Amino acid sequence: MESIQQYIQDLDMGMILSWGWRILAALLIFLIGRMIAKMVRNAVKRVMTGRGLDPMLVSFLGAILYSILLVAVIIAAVGQLGIQTTPLVAVLGAAGLAVGLALQNSLGNFASGVMLVLFRPFTKGDFVEAGGTAGTVDEVGIFTTVLNTPDNRRIIVPNGQITNDTITNFSAYDTRRIDLLIGVGYGDDLKKARATIDETIRAHEKVLDEPAPAILLMELADSSVNFAVRPWVKASDYWVVRSELMEQIKEALENAGCQIPFPQRDVYLHQLPTANDSNG
């Protein structure tokens, strides 16, 4: 204890104050610098948005810009403490190389994020199936992409998983084709059934006239004669119109006297002759 007390008494109060001000200045540089970095990022994002750039690209570039500015602020704060920043930058570069080699998957996700932004297979608000999941694109980050599912779940998918898999963009075009398989009985009038289906789908207000709906005799199945019914609708109306058409076609066919067949099998029982019958 005496040694500690002697050491405290020997400390130069001026040195303590000097280091105290340096630490305080470094904290102020970091806090104010981080705030300015956010302001610069938001300002740049507003400018890019005003110029009509893709929201996904704006978000991605904004994240990269903020990361670069934050690194610069940290180096400035460390320099305020009297630490030489040149060797620090060299050390950080060497450490970055070592970390990069250790985190190859993360770098791959970053490269994949750049590819997603440059080639734009989808944009914010598109409904896609990618990386083994489906949802509406909310954000493409530096390493991950955020999807929101129809049942209100938030799914974060690594960018590399998306670029290494098939991407299906359901929002790429304004229109989509509905594919229905409608079966009628073998004893029904096929021309009447086709006319009933055609009249029903053309009567729906959200079915497009162009491209024209198609009704094709698809197959002679085990229990039914199947028609492929293919009307076109706006992409935003797909699921609603699909559900309504299935219900309306069923009711129209039943009213027209057509059967809606279901899989069935006829079983015939044959009684084998017994030994008594053979002797009798």
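Residues numbered from 1 in each chain as written. Predicted model: local features only at pLDDT ≥ 70, side-chain atom pairs only at ≥ 80, totals over all residues. Heavy atoms only, no water.

## Brief notes about the pattern of salt bridges
Turning to step 1, where the next piece is worked out: Scanning the model with the defined rule gives five salt bridges in all.
Turning to step 2, where the next piece is worked out: Across the pair Asp151 and Arg153 runs a salt bridge, and its minimum N-O distance is 3.1 Å.
Turning to step 3, where the next piece is worked out: What makes Arg153 partly exposed here is its relative accessible area of 48%.
Turning to step 4, where the next piece is worked out: The partner of Arg202 in a salt bridge is Asp198, with the nearest N and O atoms 2.9 Å apart. Taken together, the residues Arg202 and Asp198, both in helix H7 (residues 190-203) and four residues apart, mark about one turn of the helix. (Salt bridge = Lys/Arg side-chain N within 4 Å of Asp/Glu carboxyl O. Buried < 20%, exposed > 50% of the residue type's maximum accessible area, 1.4 Å probe, protein only. Helix = DSSP H or I, 4+ residues; strand = E, 2+ residues; numbered from the N terminus.)

## Overview of helix H3 (residues 55-80)
Turning to step 1, where the next piece is worked out: For H3, which comprises 26 residues, the first-to-last C-alpha distance of 37 Å matches the rise-based estimate of 38 Å (1.5 Å per residue) to within 8%.
Turning to step 2, where the next piece is worked out: For H3, every residue scored as buried is listed here: Met56, Val58, Ser59, Phe60, Gly62, Tyr66, Val73 and Ala77. (Expected span 1.5 Å × (residues − 1).)

## Here's the deal with the environment of Leu81
Turning to step 1, where the next piece is worked out: Secondary-structure assignment places Leu81 in the loop between H3 and helix H4 (85-102).
Turning to step 2, where the next piece is worked out: Of the residues examined, Leu81 reaches a relative accessible area of 22% and is grouped as partly exposed.
Turning to step 3, where the next piece is worked out: When the C-alpha positions of Leu81 and Ala26 are compared, they lie 6.6 Å apart, and in sequence the two are 55 residues distant.

## Focus on helix H8 (residues 238-255)
Turning to step 1, where the next piece is worked out: A rise of 1.5 Å per residue sets the reference length of H8, with its 18 residues, at 26 Å; its end C-alpha atoms lie 26 Å apart and thus fit the reference within 8%.
Turning to step 2, where the next piece is worked out: Along its buried surface, H8 packs onto strand S6 (175-177), strand S7 (180-184), H7, strand S9 (225-230) and strand S10 (232-234).
Turning to step 3, where the next piece is worked out: Immediately beyond the C-terminal end of H8, within one or two residues, lies Gly257, with a positive phi of roughly 85°. (Contact = heavy atoms within 4.5 Å.)

## Overview of a negative patch on the surface
Turning to step 1, where the next piece is worked out: On the surface, a cluster of negative charge is made up of Glu205, Glu244, Glu247 and Glu251.
Turning to step 2, where the next piece is worked out: As for its position among the elements, Glu251 is in helix H8. (Patch = residues over 30% accessible without salt bridge, like charges linked within 9 Å, V, L, I, M, F, W, Y side chains within 5 Å. Areas by Shrake-Rupley, 256 points an atom, 1.4 Å probe, with all protein chains shown as cover. Lys, Arg positive; Asp, Glu negative; His and termini not counted. Charge placed at Lys NZ, Arg CZ, Asp CG, Glu CD.)

## Some remarks on the confidence of the model for the protein
Turning to step 1, where the next piece is worked out: The predicted model of the protein has a mean per-residue pLDDT of 82, with 81% of residues at 70 or higher.
Turning to step 2, where the next piece is worked out: Mean pLDDT across the secondary structure elements of the protein bottoms out at helix H1 (residues 2-10), with 55, and peaks at S10, with 95. (pLDDT = per-residue confidence, 0-100.)

## Topic: the nonpolar core
Most often, soluble globular proteins keep nonpolar side chains buried together rather than apart.
Turning to step 1, where the next piece is worked out: Ranked by internal contacts, the top residues of the largest apolar core, which has 19 residues, are Ile197, Val229, Ile249 and Leu253.
Turning to step 2, where the next piece is worked out: Those elements that provide at least two residues to this core are S7, H7, S9 and H8.
Turning to step 3, where the next piece is worked out: When residues in this core are grouped by element, the largest group, five residues, is from H8.
Turning to step 4, where the next piece is worked out: Once residues lying within four places of it in the same chain are set aside, the contact partners of Ile249 are Leu180, Ile182, Ile197, Thr200, Ile201 and Val229.
Turning to step 5, where the next piece is worked out: Counting residues in hydrophobic clusters, the runner-up holds 13 residues, among them Val117, Phe122, Val128 and Val157. (Core = buried A, V, L, I, M, F, W, Y, C linked by side-chain atoms within 4.5 Å.)

## Notes on the layout of surface pockets
Turning to step 1, where the next piece is worked out: Looking at the second largest pocket, its volume works out to about 180 Å³.
Turning to step 2, where the next piece is worked out: Taken together, Phe127, Phe170, Ser171, Arg176, Ala235, Ser236, Tyr238 and Trp239 form the lining of the second largest pocket. (1 Å grid on protein atoms, 1.4 Å probe; cavity = no way out; pocket = protein on both sides within 12 Å on 5 of 7 lines; lining within 4 Å. Points joined across faces, edges and corners; volume = space filled by probe spheres on them.)

## Notes on the sheet that holds S9
Turning to step 1, where the next piece is worked out: Read across the open sheet, the three strands follow the order S7-S9-S8; overall the sheet is antiparallel. Only two strands of the sheet have a single neighbouring strand rather than two, namely S7 and strand S8 (214-220). Strand-to-strand twist across the sheet, computed as the mean angle between neighbouring axes with direction ignored, equals 30°.
Turning to step 2, where the next piece is worked out: In this sheet, S9 lies alongside S7 in antiparallel orientation, the contact comprising five bridges. Pairing of Leu181 across the sheet is with Ala228, part of S9.
Turning to step 3, where the next piece is worked out: Docked against the sheet, H7 engages S7, S8 and S9, running at close to 25° with respect to S9. (Pairing = 2+ DSSP bridges. Axes fitted to C-alpha atoms, helices over the stretch in contact; angles between N-to-C directions.)

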